[in-house]
Amino acid sequence: MSTTTVPDTDRGERTEGVVDVPLRWLDDAAADLTTGGVTCGVPVRPGVVLDAAALAVVDDDGTPVAAQTWALATWPDGSVKWAGVALGATAAASDGYRVVGGEVAAARGGAVDDGAGGVSVVERDDEIEVDTGAVVVVVGRSGEAVVRSLRVDGVEVARDGRLVSSRQDRPEPDLASRREAVGVVHDTVVEQAGPVRAVVRVTGVHRDAEREWLPFTVRLVLAAGAPTFRVVHSFVWDGDPDADFLSSLGLRFDVPLREAPYDRHVRLAGADGGLVREAVQGVTGLRRDPGAEVRTAQVEGRPTPPLDTWSSRVTDRLHRVPTWSDWSLRQLTANGFTVTKRTAPDRPWIDVAQGTRSQGLAYLGDVGGGLAVGLTGFWQSHPTGIDVAGAAGEVGSLTTWLWSPDAAPMDLRFYHDGLGQDSYDDQLDALEITYEDYEPGFGSAHGIGRTHELTVTAFGATPDAGTLASLAAATATRPQLVPTPEALHAAGVFGDWDLVDRSTPERAELEDRLATMLDFYVGQVDQRSWYGFWNFGDVMHAYDGDRHVWRYDVGGYAWDNSELSPDLWLWTSFLRTGRADVFRLAEAMTRHTGDVDVYHAGPWQGLGSRHNVQHWGCSAKQVRISTPAYRRFHHVLTGDEHTRDLMLELRDSDRSFLGLDPTRKVRPDAATYSPRRDALAVGLGTDWSALAATWLADWETTGNERSRDRLVGTMRDIGALKHGFFTGEGLYDLDTGRFATDRDRVVVSHLSAVFGLVEICSELVSLIDTGQVEAPGFKEAWLQYCRLYLAAPEVQEAELGVAPAGTHLEQAHSRLAAYAARHTGDDALGDLAWTSYFRGGEFMGPEAFHPVRLLPPEVLVPLDEAPTLSTNDAAQCSLATIQNLALVGERLGRHG
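What counts, and where the lines are drawn
The numbering scheme is per chain: residues are counted from 1 as the chain's sequence reads. Note on the predicted model: pLDDT of at least 70 is required for a residue's local features to be given, and 80 or more for side-chain atom pairs to be given and counted; whole-chain, interface and lining totals, by contrast, use all residues. Calculation of side-chain values draws on the structure's entire complement of heavy atoms; hydrogens and water are dropped beforehand. Secondary structure counts use DSSP, requiring at least four H or I residues in a row for a helix and at least two E residues in a row for a strand, with both numbered from the N terminus. By definition here, a helix of n residues has an expected span of 1.5 Å times n minus one. Each residue gets one of three labels from its accessible area relative to the maximum for its type: buried under 20%, exposed over 50%, partly exposed in between, using a 1.4 Å probe on protein chains only. We call two residues contacting when some pair of their heavy atoms lies within 4.5 Å. Salt bridge, as used here: a side-chain nitrogen of Lys or Arg that lies within 4 Å of a carboxyl oxygen of Asp or Glu. Note on pairing: DSSP must find at least two bridges between two strands before they are called paired. Every axis in this analysis is a line fitted to C-alpha atoms, fitted for helices over the stretch in contact. Angles between the N-to-C directions lie between 0 and 180 degrees. Angle categories are assigned with fixed cut-offs, so that under 35 degrees is roughly parallel, over 145 is roughly antiparallel, 65 to 115 is roughly perpendicular, and the rest are oblique. With the far helix as reference, a near helix turned anticlockwise by less than a right angle produces a left-handed crossing, and one turned clockwise produces a right-handed crossing. Only Asp, Glu, Lys and Arg are considered charged, only Ala, Val, Leu, Ile, Met, Phe, Trp, Tyr, Cys and Pro nonpolar, and every remaining residue, Gly among them, polar. Classification of ring pairs rests on two measures: the distance between centres of Phe, Tyr or Trp rings, Trp counted by its six-membered ring, which must be within 6.5 Å, and the angle between planes, read as stacked under 30 degrees, edge-to-face over 60 and tilted in between. The quantity called pLDDT is the predictor's confidence in a given residue, expressed from 0 to 100.

**Examining helix 19 (residues 810–824)**
Then, number 1: Over its 15 residues, helix 19 runs 21 Å from end to end, which matches the ideal 21 Å to within 8%, given 1.5 Å per residue.
Then, number 2: Within helix 19, eleven of the 15 residues are buried, which leaves the element mostly enclosed by the surrounding structure.
Then, number 3: Buried within helix 19 are the following residues: Gln811, Ala812, His813, Ser814, Arg815, Leu816, Ala817, Ala818, Tyr819, Ala820 and Ala821.
Then, number 4: Among the structural elements, helix 7 (505–527), helix 16 (757–769), helix 17 (778–788), helix 20 (827–838) and helix 21 (871–888) are those in contact with the buried residues of helix 19.
Then, number 5: Following helix 19 by one or two positions, Gly825 has its phi on the positive side, about 75°.

If you want it as structure tokens, here you go:
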């Protein structure tokens, strides 16, 4: 099947080529596919595959595997660039698989669908029914229930799966003033309908007695033969930060309970595979013994023997044994959870257990069936929680809290009063001391978003402890198939990078640098507790060596918000290493930066916020943060539909330049400047690279000709400018999507190339070189920029007429010289690249690659410190290292 529209092309002279892409499990161990199957993406070289449905999957023994394939992205000629691949629970477990096509697929019998356990989707006027073979899920097209019913073998085990929330008008906890809301479904669409994978998208809003707000999108991702399905929940916070304080947000299911209370069970996941295993009415530990068989059956969740086989000393007094109706697990911090229970709402909570980091899964049911729900990132995204309520009645409920009602209400007000920064001059002056780009009214969270992933599993009977522990582990750390680094490299995707190579001492030293920085940041996340609902996934910008803390409270030095492209660093590092910890750090960053750091509604929709103490606090709202360049990796490696949404919602982000001038505070003519629709000031660095990435992502994902024309057209315009990229800023016509080509000036910013311009230009030049795109002059303009940026002033002046100022960040820009060296064959440029590289980053010295251990009482907890290392340097040094090794690695021995 194919869910992507591709441009019309003449395919008469084209034939299917050979594809053989090995897949490995990210964690190097075969996963249990019953926990929801698996979806991944595989790259294909241009012109090789015309229809993704022709691809097939075989296991590591070469046996055909039932699979579903579709196009995630296409090359300009219409051939498949990235193919989505889905395996269901019916697929045989294997240590690895291969995606094959052309002659290889033909030899294996072509695409495989064994017809067993496939997903079926039935659409009705008011509902959609999806049958995976293990569970039947009914999804509503309207009303309050996102999931109306879950059935196993014809028995309804859960119903009325709905979103619930509450808000209040003050930041202090105030239960009396809370307004309860429920999600209301507006639209439901089937995005995929099998045979192996089905996806249903549900959109709506939260509604209380006074208003509607918090628009949401929920995707249900179901796999053939799996009782478990994924729920990807995203919402946009569209409130007033000074008046709306979200006090709870969760997903709730009702669970019918038909058996006696002693045959009803609650399971709550703790840390590291541990489980709280309890019955609603416990018969263990009593003064009188019902019998070993009874006790064992109850603990294991099996039906207890008939009552007449129990000791009468228990059955005669069973009504004296309390039933525990309600259970609560709260994870209010990253490092501690509590479990309590009570017999009734008007009775006190009794302590059950405490622990560190719950895996965030719960089960409620009886011996005839029940439901388990788990939340990925449960402790990392605190404050979270789980509630079981009404377990002693005929219908209980299971609620997974994304924001716990016991936590302080969500307070998204700006963190200071402005400090007298009323004018642009005041704001620029403050920038000199706290590096914070403040502007009144611009620190609003209105329009930011958040995404969570959950698993929902229907059971026909209470599962054993091992099954639930495995499900909790798979929820906490989702199994993922990925192409091998060798396969990714052979496909030539994502610009200039090479495989890890330690073949010489000089290369080994640089590989050690790369590994050290990755290890350091992976470790910092936990050591510094970079966790929390709005924070998880981001890293800090700069370090305070005096306090031994990252500058979490110093203006623009706090949360990084993609400054100088850490997203690109982490994803490119994953491509070449295949490291699971790097993948998961990059994935969490993609989720965060794409949702939280970007506006999805309101006046700045489509723009992202520069780094700040709060992710939304900076007044610099720019496309350099929202750029799809940081999201494409995740989409094509996982097939994730929400990440696809994040990219495609930006297709018209060029319109943002009409409403907000990114250079308004430093523009010489700021007092008189008024944006003109036919002459918008668009920087050829951070601005155009983001727009180019947006248009390329849209074009390759949907075939949108408007995006194609704007991308290729502006490439041609840059090529036609007298000074190409050195022009610095183009005058953009919003209606035609083109730059004026008569601008004659030379302006350089040291930031132009460090937000994805290098990477996107490399991809675009490769499209030109392979005949996929015609853009005369563009390659030459880019090579000129790469040749001259680090050139001697007299060389720059000879070609440009002036030696431009502002050519800083030598190490970061060393890869420009390396790129020019590779494409021109000029060894002197290769030597310039390595000479500039070894002059070092902006601040860091050799000590940045040798973190030291600090211990209390000097610090709060044991931690590692590299005081001269900033995320700017870590990202750009790493990208320069990777790209220089790939482009001019043979010159390293002269300089290393």
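**Thoughts on the pattern of salt bridges**
Then, number 1: This structure, assessed with the given rule, holds 76 salt bridges.
Then, number 2: Connected via shared salt-bridge partners are Arg167, Asp169, Arg170, Asp174, Arg179, Asp208, Glu210, Arg211 and Asp244.

**Focus: helix 9 (residues 580–595)**
Then, number 1: The terminal C-alpha atoms of helix 9 lie 22 Å apart, and with 16 residues this matches the ideal 22 Å at 1.5 Å per residue to within 8%.
Then, number 2: Here helix 9 lies mainly inside the structure; 14 of its 16 residues are buried.

**Here's the deal with the pairing of strand 21 (residues 336–342)**
Then, number 1: With five of its seven residues buried, strand 21 lies for the most part within the structure.
Then, number 2: Bridging between strand 20 (residues 326–333) and strand 21 involves six bridges; their strand directions are antiparallel. Counterpart to Thr333 in the pairing with strand 21 is Gly336.
Then, number 3: Where strand 20 hands over to strand 21, the hairpin turn is made up of two residues, counted between the paired strands.
Then, number 4: Sheet topology note: the strand 21/strand 22 (residues 350–355) ladder contains five bridges and is antiparallel. Across the sheet, the residue bridging to Thr338 is Gln354, located in strand 22.

**Remarks on the packing of helix 9 against helix 12 (residues 641–648)**
Then, number 1: Put simply, helix 9 and helix 12 touch, their axes get as near as 11 Å, and they point 40° apart. Compared by their axis directions, helix 9 and helix 12 come out oblique. Where helix 9 crosses over helix 12, the two elements pack in a sense that is left-handed. Along its contact with helix 9, which presents Thr590, Arg591, Gly594 and Asp595, the element helix 12 presents His642, Thr643 and Leu646.
Then, number 2: Broken down by class, the residue content of the contact of helix 9 with helix 12 amounts to one nonpolar, four polar and two charged.

**A few points about the packing of aromatic side chains**
Then, number 1: This model, assessed by the stated rule, comprises 41 aromatic pairs.
Then, number 2: With 5.1 Å between their ring centres and 55° between their planes, Phe414 and Tyr415 make a pair best called tilted.
Then, number 3: For Phe414, a relative accessible area of 21% corresponds to the partly exposed category.
Then, number 4: Given the relative accessible area of 34%, Tyr415 is considered partly exposed.
Then, number 5: Chaining the aromatic ring pairs together yields one cluster made of Phe520, Tyr521, Trp530, Tyr543, Trp550, Trp559 and Trp569.

**Quick word on the sheet that holds strand 3 (residues 56–59)**
Then, number 1: Pairing within the open sheet is antiparallel, and its five strands lie in the order 4-3-7-1-28. Only two strands of the sheet have a single neighbouring strand rather than two, namely strand 4 (64–65) and strand 28 (481–483).
Then, number 2: Inspection of the sheet shows strand 3 paired to strand 7 (residues 96–101) by four bridges, in the antiparallel sense. What sits directly across from Ala56, in strand 7, is Val100.

**Focus: the environment of Arg894**
Then, number 1: Relative to the elements of secondary structure, Arg894 occurs in the segment after helix 21.
Then, number 2: Separated by 59 residues in the primary sequence, Arg894 and Thr835 have C-alpha atoms spaced 9.5 Å apart.

**Examining the confidence of the model for the chain**
Then, number 1: Scored by pLDDT, the chain comes out at a mean of 94, with 96% of its residues at no less than 70.
Then, number 2: Predicted confidence for residues 1–15 stays below pLDDT 50, and this span has 38 contacts to residues more than four positions away or in other chains.
Then, number 3: Here residues 108–115 is modelled with pLDDT under 50, and outside its nearest four sequence neighbours on either side it reaches 16 contacts, counting other chains as well.

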